[in-house]
Amino acid sequence: MKIRKYAAIDIGSNAVRLLVANVIEDKKKEPKFKKSSLVRVPIRLGADAFVDGSISDNNIDRMIDAMKAFKLLMKVHGVEKYKACATSAMREASNSEEIVEKIFRKTGVEIDVINGAKEAAIISSTDLKHLINSDETYLYVDVGGGSTELTIFSEGKIINSKSFKIGTVRLINNSKEKNKKIFGKVEEWITKNTAEYKRISLIGSGGNINKIFKMSGLDAGRPISYIYLNAQFEYLKKMSYEDRISELSLNPDRADVIVPATKIYLSAMKWSGARRIFVPKIGLSDGIVKSLYFNKL
């Protein structure tokens, strides 16, 4: 048996994450991927990119510091290979090329700014095949700060996939009219692409749905019902931002985005007719590690 260390840096719109994973290699067996360490830094790039169109100098400096820290952590862990990917906020920032060049010059970390289709493909390359039944249909919903990736699986195969500019940070900063318009586009896509399936379940990924699952107290592998998620949404919506932090022990950068995130998952369930949502705790960083290991990046 051999244990190798791989890492992924996920530069999202709400936070920047470093995932260090153990890849356990055993002869005649498929490699196993186990999380060794996960570090999350609340650098809200989307608040810059979606409002001002560019990333601020202050957040550029914070990103540089984060990359320096991540490099040291990877060195301590003995990481042999890593990949850094940036998503929605960096895609839309007018100064993203300049930032990528500056970070590489200052830290040696090379950042790949990926498009929505590639983001969805990387996420779909995670351990989903072990989680889904080959004879059932699923709508996979990954909600980030700046975008939401939707993928339909039926009989173990990807049927269709789409990335939408609808995310938690974006919803907070957009006008109501703009949000209504984008919700309409998502509803149209989900309704059209799930119409032929009688029974469909959701698979949800992202920090917010992970938190809601943790709060539910359910055992791993058990799905959250539509009724429970709807009740939780109404409960969270009525609470003040401060109460979500003090009473529910949510991080300040989670306490505001958890409400719009829950709305996206609930809407996807409503439009697809799904009555339950599975939460396997996987995301972009897991997909990066797997894709890196199998030389797909």
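Preceding this paragraph is the structure being described.
Residues numbered from 1 in each chain as written. Predicted model: local features only at pLDDT ≥ 70, side-chain atom pairs only at ≥ 80, totals over all residues. Heavy atoms only, no water.

Here's the deal with the sheet that holds strand β6 (residues 137–143)
Phase 1: Taken in spatial order, the six strands line up as β8-β7-β6-β9-β11-β10 in an open sheet, and their pairing is mixed. This sheet does not close on itself; its edge strands, each paired only once, are β8 (157–164) and β10 (224–225). (Pairing = 2+ DSSP bridges. Helix = DSSP H or I, 4+ residues; strand = E, 2+ residues; numbered from the N terminus.)

Re the packing of helix α2 (residues 57–77) against helix α4 (residues 96–107)
Phase 1: Where α2 meets α4, the axes come as close as 10 Å, and the angle between the chain directions of the two elements is 40°. The angle between α2 and α4 falls in the class oblique. Remark: the crossing between α2 and α4 carries right-handed chirality. Between α2 and α4, the contacting residues are Ile60, Met63, Ile64, Met67, Lys68 and Lys71 on the first element and Ile99, Lys102, Ile103, Lys106 and Thr107 on the second. (Axes fitted to C-alpha atoms, helices over the stretch in contact; angles between N-to-C directions. Parallel < 35°, antiparallel > 145°, perpendicular 65-115°, else oblique. Left-handed = near helix turned anticlockwise from the far one by under 90°. Contact = heavy atoms within 4.5 Å.)

Examining the pattern of salt bridges
Phase 1: Tallying each qualifying case throughout the model produces 14 salt bridges.
Phase 2: For Glu25, the salt bridge identified is with Arg4, shortest N-O distance 3.0 Å. Of this pair, Glu25 sits in strand β2 (residues 16–25) while Arg4 is found in strand β1 (residues 2–11), placing the two residues 21 residues apart along the sequence.
Phase 3: The class for Glu25 is buried, based on a relative accessible area of 19%.
Phase 4: When the shortest N-O distance is used, the salt bridge between Asp10 and Arg17 registers 3.3 Å. (Salt bridge = Lys/Arg side-chain N within 4 Å of Asp/Glu carboxyl O. Buried < 20%, exposed > 50% of the residue type's maximum accessible area, 1.4 Å probe, protein only.)

Some thoughts on the pairing of strand β3 (residues 32–41)
Phase 1: In this structure, β2 lies alongside β3, joined through nine bridges in antiparallel fashion. Across the sheet, the residue bridging to Ala21 is Lys35, located in β3.
Phase 2: Connecting β2 to the antiparallel partner β3 that follows it, the hairpin turn spans six residues, and Lys28 within it adopts a positive phi of roughly 65°.

A look at the side chain of Asn22
Phase 1: Following the sequence through the fold, Asn22 ends up in strand β2.
Phase 2: In this structure Asn22 comes out as buried when scored by relative accessible area, which is 18%.
Phase 3: Looking at Asn22, its side chain comes within polar contact range of the side chain of Lys5, at 3.0 Å.
Phase 4: Discounting residues that sit within four places of it in the chain, Asn22 has contacts with Ile3, Arg4, Lys5, Lys32, Phe33, Lys34 and Ser36. (Polar contact = N/O pair within 3.5 Å; in protein donor to acceptor, adjacent residues only side chain to side chain.)

Concerning the packing of aromatic side chains
Phase 1: Inspection of every chain in the model, using the stated rule, returns seven aromatic pairs.
Phase 2: Aromatic side chains Phe183 and Trp271 sit 6.1 Å apart centroid to centroid with 70° between the ring planes, which places their arrangement in the edge-to-face category. With Phe183 in helix α7 (residues 176–194) and Trp271 in helix α12 (residues 258–272), this residue pair connects regions lying 88 residues apart in the sequence.
Phase 3: By way of ring pairs, the aromatic residues Tyr6, Phe33, Tyr293 and Phe294 are connected into one cluster.
Phase 4: When the ring centre of Phe50 is taken as origin, the NZ or CZ atom of Arg170, which lies over that ring, is 4.0 Å away. (Phe/Tyr/Trp six-rings, centres within 6.5 Å; stacked < 30°, edge-to-face > 60°. Lys NZ or Arg CZ within 6 Å of the ring centre and 35° of its normal.)

What to know about the side chain of Asp48
Phase 1: When you line up the elements, Asp48 lands in helix α1 (residues 45–49).
Phase 2: Among buried Asp, Glu, Lys and Arg side chains, Asp48 stands out as unpaired, with Arg62 the closest opposite charge at 7.5 Å.
Phase 3: Only 2.8 Å separates the side chain of Asp48 from the side chain of Asn59, close enough to count as a polar contact.
Phase 4: Not counting the four nearest positions on each side in its chain, Asp48 is found in contact with Gly53, Ser54, Ile55, Ser56 and Asn59. (Lys, Arg positive; Asp, Glu negative; His and termini not counted.)

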